[in-house]
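Each chain, letter by letter, is given below.
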Amino acid sequence: MNREELQSILPHRENMLLLDEAHREGDVACGTYRVRGDEFFLQGHFPGNPIVPGVILCEILAQSACVLLSDVMQEGRLPVYTGLDKVRFRAPVRPGDTLETRCSIARAKPPFYFAQGTASVGGKTCVSAEFSFAVIGE
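In the structure shown here, the tally under the stated rule is eight salt bridges. Two residues, Lys86 and Glu130, come together in a salt bridge whose shortest N-O distance is 3.9 Å. Of this pair, Lys86 sits in strand β3 (residues 77-89) while Glu130 sits in strand β6 (residues 124-137), and the two are 44 residues apart along the sequence. Residue classification places Glu130 among the partly exposed positions, given a relative accessible area of 31%.

This is the structure in structure tokens:
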């Protein structure tokens, strides 16, 4: 899925659509985001040493997991975070990096979904987390 196709699932738009592309591999959602360096969240974080904030990395994981819910993510429905657990930041993500995500849904009790995911750069894990969200709306 490219960005345009992702917009048919995700309600996010510029500047908060944080996936360049994504696809499914069975029960796993794989996503990619290329850090350009001009993103709003890098301005001031940190001057002269830009690093993608951890909260943005967690948001990228959540958006990736939503790819697995394309049948649930219909127009008017919103995925909202309900929890983050066991979040570990292992390496910084910087401009020029290509972040690759792998997420799966561990269990579901609609409208709640419980997921786990990792994001890496060049095969090195940068963040791992367990998280939950609810799909609310119509």
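Attention shifts here to the sheet that holds strand β2 (residues 28-34). One open sheet holds the six strands; their spatial order is β1-β2-β4-β5-β6-β3, and the pairing between them is antiparallel. Bordering the open sheet on either side are β1 (21-25) and β3, each of which pairs with just one other strand. Along the sheet, successive strands turn relative to each other by an average axial angle of 25 degrees, direction set aside. Looking at chain direction, β3 and β6 are connected through ten bridges and run antiparallel. For Arg88, the partnering residue across the bridge sits in β6 and is Ser128.

Conventions we followed
- Residues numbered from 1 in each chain as written.
- Predicted model: local features only at pLDDT ≥ 70, side-chain atom pairs only at ≥ 80, totals over all residues.
- Heavy atoms only, no water.
- Salt bridge = Lys/Arg side-chain N within 4 Å of Asp/Glu carboxyl O.
- Helix = DSSP H or I, 4+ residues; strand = E, 2+ residues; numbered from the N terminus.
- Buried < 20%, exposed > 50% of the residue type's maximum accessible area, 1.4 Å probe, protein only.
- Pairing = 2+ DSSP bridges.
- Axes fitted to C-alpha atoms, helices over the stretch in contact; angles between N-to-C directions.

On their own, these measurements won't tell you what the molecule is for.
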